[in-house]
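Examination of the molecular architecture
Okay, here's what each chain looks like letter by letter:
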Amino acid sequence: MAMNFEPLLAPDEPSPAEVLPDSAKSPFLITCDHAGKGLPRALGDLGLSESELSRHIAWDVGAAGVARALGRRLGAFAALQTYSRLAIDCNRRPGVPTSIVEISETTIVPGNQGLAPAEAARRERDIFKPYHVAIANELARRAEAKQPTVLIAVHSFTPTFKGVVRPWHVGVLYNRDARLAHALLELLREDAELVVGDNEPYAVGDLTDYGVVEYGERAGNLHVELELRQDLLAEAAAQTAWAERLSQLLPEALARIGAQSG
């Protein structure tokens, strides 16, 4: 396969990774794989209207605000992906069909149709890899410092998908290791007003997720993936409120696991 050596990003365009440094030797490491909706200028608009590029197909609406506020409250490292998942999905292993989608929900993405392998490799090289290198570098720093890691992957989901209404306010996702997820589920369900999904509206899997599998399961780190409903994150104040709630519950869930293992 011929490689496209032309840079995808111009020097004045944002880095693929927005990073909040660890300021409190926190065990928590926060990722937000679909934080941004921007597209590199080289990709234009992928043939989509501005209204389509503002929808959930392009990014996880409201998730970035939660991730930033949660990172600040926990003094934790956070990595937020700057560019739209329509360019390349940073929560998919490169090469799988959903890495660079040709259709998202019911929307055809003209700029992703019949994509040349060299162009897919360029997006992986210039967007996917730099974002994940930022996370890997932080994990390497922690290993050197013997600092534990608890991965929190922050996402959001649309209230209605393909005509189906989703009742959950928040979903707690996991796959092989459910320790942190189950502890957090118990705590969230103590609030009778919350509808909490247990692996709803999604579940973590090897083909549908990258971060939890790579940095949680394979690395042996405690982890959980959170899905928050987007209509509950419409305002900055709501994003902050969710971050405040989670900043209290996550350390408590971690303490419960410690108490059980002790």
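Residues numbered from 1 in each chain as written. Predicted model: local features only at pLDDT ≥ 70, side-chain atom pairs only at ≥ 80, totals over all residues. Heavy atoms only, no water.

In the structure shown here, the tally under the stated rule is 24 salt bridges. Across the pair Glu244 and Arg73 runs a salt bridge, and its minimum N-O distance is 2.8 Å. Within this pair, whereas Glu244 is found in helix α6 (residues 236–261), its partner Arg73 is found in helix α2 (residues 63–74), the two being separated by 171 residues in sequence. Judged by its relative accessible area of 33%, Glu244 falls in the partly exposed class. When its relative accessible area of 37% is taken as the criterion, Arg73 is described as partly exposed. The salt bridge involving Arg256 is made with Glu190; its shortest N-O contact spans 3.1 Å. (Salt bridge = Lys/Arg side-chain N within 4 Å of Asp/Glu carboxyl O. Helix = DSSP H or I, 4+ residues; strand = E, 2+ residues; numbered from the N terminus. Buried < 20%, exposed > 50% of the residue type's maximum accessible area, 1.4 Å probe, protein only.)

Looking now at helix α4 (residues 179–188). With seven of ten residues buried, α4 lies mostly within the body of the structure. Taken residue by residue, α4 has Leu180, Ala181, Ala183, Leu184, Leu185, Leu187 and Leu188 as its buried positions.

Another point: the side chain of Thr31. Among the secondary structure elements, Thr31 is positioned in strand β2 (residues 28–32). On the accessibility criterion, Thr31 (5% relative accessible area) is buried. Ignoring any residue separated from it by four or fewer positions in sequence, one finds Thr31 in contact with Ala79, Tyr131, Ile135, Leu151, Ile152, Ala153 and Val154. (Contact = heavy atoms within 4.5 Å.)

Another aspect to go through is the sheet that holds strand β3 (residues 77–81). Strands sit in the order β1-β3-β2-β6-β11-β9-β10 across an open sheet of seven strands; the sheet is mixed. Each edge of the open sheet is held by one strand with a lone partner, namely β1 (17–20) and β10 (196–198). Taken over all neighbouring pairs, the strand axes of this sheet differ in orientation by 20 degrees on average, direction set aside. For β2 and strand β6 (residues 150–157), the ladder comprises four bridges, and the chain directions are parallel. Looking at the pairing, Thr31 lines up with Ala153 of β6. Against the sheet, α4 engages β6, β9 (170–173), β10 and β11 (222–229), with an angle of about 45 degrees to β11. (Pairing = 2+ DSSP bridges. Axes fitted to C-alpha atoms, helices over the stretch in contact; angles between N-to-C directions.)

Moving on, we come to the nonpolar core. Core analysis: the biggest nonpolar cluster contains 43 residues, and Ile30, Leu70, Ile152 and Val224 have the highest contact counts within it. For this core, the elements supplying multiple residues, two or more each, are β2, α2, β3, β6, β9, α4, β11 and α6. With 36 residues, the next largest nonpolar core counts Leu8, Leu29, Trp59 and Ile100 among its residues. (Core = buried A, V, L, I, M, F, W, Y, C linked by side-chain atoms within 4.5 Å.)

Another point: the environment of Val133. Relative to the helices and strands, Val133 is located in helix α3 (residues 117–145). A relative accessible area of 43% means that Val133 is categorised as partly exposed. Residues Val133 and Glu200, 67 residues apart in the sequence, show an inter-C-alpha distance of 29 Å.

Another aspect to go through is unusual backbone geometry. Cis geometry marks the peptide bond from Glu200 to Pro201, where omega comes out at 0 degrees. The phi angle at Glu105 is positive, at roughly 55 degrees, despite the residue not being glycine. Within the secondary structure, Glu105 is located in the loop between β4 (103–104) and β5 (107–108).

A few words on the environment of Glu217. Inspection of the secondary structure puts Glu217 in helix α5 (residues 211–217). Classification of Glu217 as buried rests on a relative accessible area of 17%. Sequence-wise, Glu217 and Asp177 are 40 residues apart; in three dimensions their C-alpha atoms are separated by 7.0 Å. Not counting chain neighbours up to four residues away, the residues in contact with Glu217 comprise Asn175, Arg176, Asp177, Asp206, Val212 and His223. Side-chain polar atoms of Glu217 contact the side chain of Asn175, separated by 3.4 Å. (Polar contact = N/O pair within 3.5 Å; in protein donor to acceptor, adjacent residues only side chain to side chain.)

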